[in-house]
Amino acid sequence: MLVLAIVERSTGRVIGEVDLKHASADAGEVGYVIAADRQGHGFANEALTELIRFAFDDLSFEALTASISPGNEASVALVRKHGFQRNAARDSHDGTNPTRCFELRRSGVR
């Protein structure tokens, strides 16, 4: 697992993190969290852009997934902006932490 801090350049403050987990030999799962007071400023977008590039270009992954909690429409919009598509067949229906699955194949990178 790779976990990187997201640092606001102007203040040097750590405002979140982005992570990449190996899911299989050629696939990974991405995740991110941003401090509530810094959401909506493009930090997650910038971090996700670089993480996707790293996963496909440097690690030669063929696919990435993102698991998003129901109701988190900002994250859905963000992954869709990067070309992720919904794969409802891989949703988690765990009663305590259900998630919706989104996937991005290397061929779908914009």
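About the thresholds
Residues numbered from 1 in each chain as written. Predicted model: local features only at pLDDT ≥ 70, side-chain atom pairs only at ≥ 80, totals over all residues. Heavy atoms only, no water. Helix = DSSP H or I, 4+ residues; strand = E, 2+ residues; numbered from the N terminus. Rg over C-alpha atoms; globule rule 2.2 N^0.38 Å. Buried < 20%, exposed > 50% of the residue type's maximum accessible area, 1.4 Å probe, protein only. Areas by Shrake-Rupley, 256 points an atom, 1.4 Å probe, with all protein chains shown as cover. Lys, Arg positive; Asp, Glu negative; His and termini not counted. Charge placed at Lys NZ, Arg CZ, Asp CG, Glu CD. Pairing = 2+ DSSP bridges. Contact = heavy atoms within 4.5 Å. Axes fitted to C-alpha atoms, helices over the stretch in contact; angles between N-to-C directions. Expected span 1.5 Å × (residues − 1). Arc of directions from axis to C-beta.

### Things to note about the overall build of the protein chain
- Helices and strands together make up the secondary structure of the protein chain, namely two helices and six strands.
- Order of helices (α) and strands (β) in the protein chain, N terminus to C terminus: β-β-β-α-β-α-β-β.
- On C-alpha atoms alone, the protein chain measures out to a radius of gyration of 14 Å, which is about the 13 Å that the 2.2 N^0.38 rule sets for 110 residues.
- Counting only C-alpha atoms and orienting by the principal axes, one finds that the protein chain spans roughly 40 × 35 × 25 Å.
- A total of 110 residues make up the protein chain; the buried ones form 37% of that total.
- Of the roughly 6400 Å² of accessible surface on the protein chain, 50% is carried by carbon and sulfur atoms.
- Here the protein chain contributes 13 positive and 15 negative side-chain charges, whose respective centroids are spaced 4 Å apart.

### Notes on the sheet that holds strand 2 (residues 14-24)
- Sheet architecture is open: six strands sit in the order 1-2-3-4-6-5, paired in mixed fashion. Each of the sheet's edge strands pairs with one partner strand only, and the pair in question is strand 1 (2-7) and strand 5 (85-86).
- When strand 2 meets strand 3 (residues 27-34), the two strands line up antiparallel, connected through eight bridges. Bridge pairing links K21 to E29 in strand 3.
- Running over the sheet, helix 1 (residues 43-58) touches strand 1, strand 2, strand 3, strand 4 (63-68) and strand 6 (100-105) and is turned about 30 degrees from strand 2.

### Let's talk about helix 1
- The end-to-end C-alpha distance of helix 1, which contains 16 residues, comes to 22 Å, matching closely the 22 Å that a straight helix rising 1.5 Å per residue would cover.
- Along helix 1, the positions that sit buried rather than exposed are F43, A44, A47, L48, L51, I52, A55 and F56. Along the axis of helix 1, the buried residues cluster in a sector spanning 165 degrees; they form a single face.
- Summarising the contacts, the buried residues of helix 1 are in contact with strand 1, strand 2, strand 3, strand 4, helix 2 (73-81) and strand 6.

### Some words on helix 2
- Among the residues of helix 2, S75, V76, L78 and V79 are the ones counted as buried. Here the buried residues of helix 2 occupy an arc of 165 degrees about the axis, which is enough to place them on one side. Of the residues in helix 2, the exposed ones pointing more than 90 degrees away from the buried face are A74 and K81.
- Just downstream of helix 2 lies G83, where phi reads positive at about 100 degrees.

### Thoughts on the pairing of strand 1
- Sheet topology places strand 1 next to strand 2; six bridges connect them, and they run antiparallel. Bridge pairing links V7 to V14 in strand 2.
- Between the antiparallel neighbours strand 1 and strand 2 lie six residues, among them G12 with a positive phi of about 75 degrees.

Keep in mind these values describe shape, not function.
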